[in-house]
Amino acid sequence: MSITIKTGLMALALLGSTALTAVTAHAADKEISWIYCGDTIDPVHTKYIKQWEEKNAGWKVTPEVVGWAQCQDKATTLAAAGTPVAMAYVGSRTLKEFAQNDLIVKVPMTDEEKKAYYPHIVDTVTFEGTQWGVPIAFSTKALYWNKDLFKQAGLDPEKPPKTWAEEIEMAKTIKEKTGIPGFGLSAKTFDNTMHQFMHWVYTNNGSVIDADGKVTLDSPQILAALKAYKDIVPYSEEGPTAYEQNEVRAIFLDGKVAMIQAGSGAASRLKETKISWGITTLPLGPDAKGPGTLLITDSLAIFKGSGVEDKATEFAKFITSPDVQAEYELQGGAGLTPLRPSKKVDDFVAKDPSWKPLIEGISYGGPEPLFTDYKGFQNSMIEMIQSVVTGKAEPEAALKKAAGEIEAFK
């Protein structure tokens, strides 16, 4: 365990110490405690928790609903203090840090389990050749365009850009012909600023770190992405560093920007507007092999020391099993991209074709890069993006600086 991480975890433990009095050093026998992120438990999960308990006499699953802003810190605090919950909902990006600090147990998948997922999903929870979490939620992005603004600018409203070059050129035309920004660029000091850039990385066959842990950020593919970012800034909304992706989405929903990268939530909101809109896979860079997107998953992590690790693993795999997961994901408004292909997914997409590009982008997508100090890595990436967007640094220099910095975080 590195001194930095150990110190950080102990600090969290001290900060949360007053909340630990009601938690025993080990979870009670026959009980699986679950930190559940959100405002309420999804009815689908309530239904299947009851079903699992009925089939496992004497066992009880006890979810504790914790707000999104606090749930992961709470799980970390309890684990660092030696009073772990059995299971917690966490961002898969944190699994490497948890694993290296010996706070969670391995949750290896069989070949059959791995093959059931869409490509690259298993990569989001894999470290040192094995899996450390069970995926439970998944998101991807696609390109949305405002057909009315395309038409006003003299562009064909039925032909969105297929490449970065076309995207930049169309954004330029829209800005010059209508005065409205052609593209919504996220560059705020916020986690999804890095996420938004990673979509460009994975639409140009790029990577940040390889399977052997070698940093590959300083590459021609990512340099091209950073240069494209610089080129599209003049045709984006004024002051991109003031906006994160949901704020950019709000501008798009107001008809004040022509193109954005967004998930399924934008489609559900657009259906309530009068905007004529379209959705397609993200435009491709010059080295792309096919449609890509950043693949973000959240997972169920099984914490070490609860005394019920095996049973918690069994429950985690049950609550994310194909039939249960499909019912959870395919509720329409849940905003979750399906984790596995199936006939149910095919039927769902047939009823709502806006999901098609969100799934097609998985083919050449890639995971959130796993770093031991994920926040340190994220901050370096955001600083790199902001320095280019604001003109404080040229792409080449910004990329080399970030590549050197993130070596310390891997």
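Figured I'd write up the structure that's included with this text. (Residues numbered from 1 in each chain as written. Predicted model: local features only at pLDDT ≥ 70, side-chain atom pairs only at ≥ 80, totals over all residues. Heavy atoms only, no water.)

## Looking at the overall build of the chain
If you tally the helices and strands in the chain, you get 17 helices and eleven strands. For 410 residues, the compact-globule estimate of 2.2 N^0.38 gives 22 Å, and the chain sits close to it at 22 Å. Across the 410 residues of the chain, 56% fall into the buried class. Partitioning the intrachain contacts of the chain with sequence separation of at least 6 by distance along the chain shows that 77% fall at a separation of at least 24. Carbon and sulfur atoms make up 53% of the accessible area of the chain, which amounts to about 17,800 Å² in all. (Helix = DSSP H or I, 4+ residues; strand = E, 2+ residues; numbered from the N terminus. Rg over C-alpha atoms; globule rule 2.2 N^0.38 Å. Buried < 20%, exposed > 50% of the residue type's maximum accessible area, 1.4 Å probe, protein only. Contact = heavy atoms within 4.5 Å. Areas by Shrake-Rupley, 256 points an atom, 1.4 Å probe, with all protein chains shown as cover.)

## A closer look at the sheet that holds strand β7 (residues 142-146)
Reading across the sheet, the three strands line up as β8-β7-β9 and stay open at both edges, with antiparallel pairing between neighbours. In this open sheet, the two strands that pair with only one neighbour each are β8 (259-262) and β9 (277-280). Averaged over all pairs of adjacent strands, the angle between strand axes in this sheet comes to 25°, irrespective of strand direction. When β7 meets β9, the two strands line up antiparallel, connected through four bridges. (Pairing = 2+ DSSP bridges. Axes fitted to C-alpha atoms, helices over the stretch in contact; angles between N-to-C directions.)

## Quick look at the pattern of salt bridges
All chains considered together, the criterion is met by 19 salt bridges. Measuring nitrogen to oxygen at the nearest pair gives 3.0 Å for the salt bridge that ties Glu176 to Lys172. Of this pair, Glu176 and Lys172 both sit in helix α7 (residues 164-178), four residues apart, which is roughly one turn of that helix. The class of Glu176 is exposed, set by a relative accessible area of 54%. For Lys172, a relative accessible area of 26% gives the class partly exposed. Put simply, Lys400 and Asp218 hold a salt bridge, and the shortest N to O gap is 3.2 Å. In this pair, Lys400 is assigned in helix α17 (residues 395-406) and Asp218 in the loop between α8 (191-201) and α9 (220-232), connecting sequence segments 182 residues apart. Its relative accessible area of 42% is what places Asp218 among the partly exposed residues. (Salt bridge = Lys/Arg side-chain N within 4 Å of Asp/Glu carboxyl O.)

## Digging into the packing of aromatic side chains
Summed over the entire model, instances satisfying the criterion amount to 14 aromatic pairs. Between Phe183 and Trp200, the ring centres sit 6.1 Å apart and the planes meet at 85°, which makes this aromatic pair edge-to-face. With a gap of 17 residues between them, Phe183 in the loop between α7 and α8 and Trp200 in helix α8 connect regions that are remote in the sequence. Taking 5.3 Å as the distance between ring centres and 85° as the angle between the ring planes, the aromatic pair formed by Trp200 and Tyr229 counts as edge-to-face. Taken as a pair, Trp200 in helix α8 and Tyr229 in helix α9 lie far apart in primary sequence, 29 residues in all. No difference in accessibility class separates Trp200 from Tyr229, as the two residues are buried. Among the aromatic side chains, those forming a connected cluster through ring pairs are Trp164, Phe183, Phe197, Trp200 and Tyr229. Between the NZ or CZ atom of Arg340 and the centre of the ring of Tyr117, over which it lies, the distance is 4.4 Å. (Phe/Tyr/Trp six-rings, centres within 6.5 Å; stacked < 30°, edge-to-face > 60°. Lys NZ or Arg CZ within 6 Å of the ring centre and 35° of its normal.)

## Quick notes on the state of the cysteines
Counted according to the given criterion, the structure contains one disulfide. There is a disulfide in this structure between Cys37 and Cys71, and the S-S distance comes to 2.1 Å. An S-S torsion of about 95° defines the bridge between Cys37 and Cys71 as right-handed. With Cys37 in strand β1 (residues 31-37) and Cys71 in helix α3 (residues 68-80), this residue pair connects regions lying 34 residues apart in the sequence. (Disulfide = S-S within 2.5 Å.)

## Considering α17
An ideal rise of 1.5 Å per residue puts 16 Å on twelve residues; α17 measures up with 16 Å between its terminal C-alpha atoms. Among all positions in α17, only Pro395, Ala398, Leu399, Ala402, Ala403 and Ile406 are buried. For α17, the buried positions fall inside an angular range of 130° around the axis, keeping them on one side. In the core, the buried residues of α17 are packed alongside α9 and α16 (374-389). (Expected span 1.5 Å × (residues − 1). Arc of directions from axis to C-beta.)

## A look at the environment of Met381
Secondary-structure assignment places Met381 in helix α16. Overall, the relative accessible area of 0% leaves Met381 in the buried class. For the pair Met381 and Ala398, spaced 17 residues apart in the sequence, the C-alpha separation amounts to 9.4 Å. With residues near it in sequence (within four places) discarded, Met381 still touches Met194, Phe197, Met198, Val208 and Leu217.

## Side note on the pairing of strand β10 (residues 294-302)
Burial within β10 is extensive, with nine of its nine residues counted as buried. Burial along β10 is two-sided: the face carrying Leu294, Ile296, Asp298, Leu300 and Ile302 and the face carrying Leu295, Thr297, Ser299 and Ala301 are both buried. Both strand β6 (residues 134-139) and β10 contribute to a ladder of five bridges, which runs antiparallel. Bridging across to β10, Ala137 finds its partner in Asp298. Summarising the sheet, β10 and strand β11 (residues 366-367) pair through two bridges and their orientation is parallel. Within the sheet, the bridge partner assigned to Leu294 lies in β11 and is Gly366.

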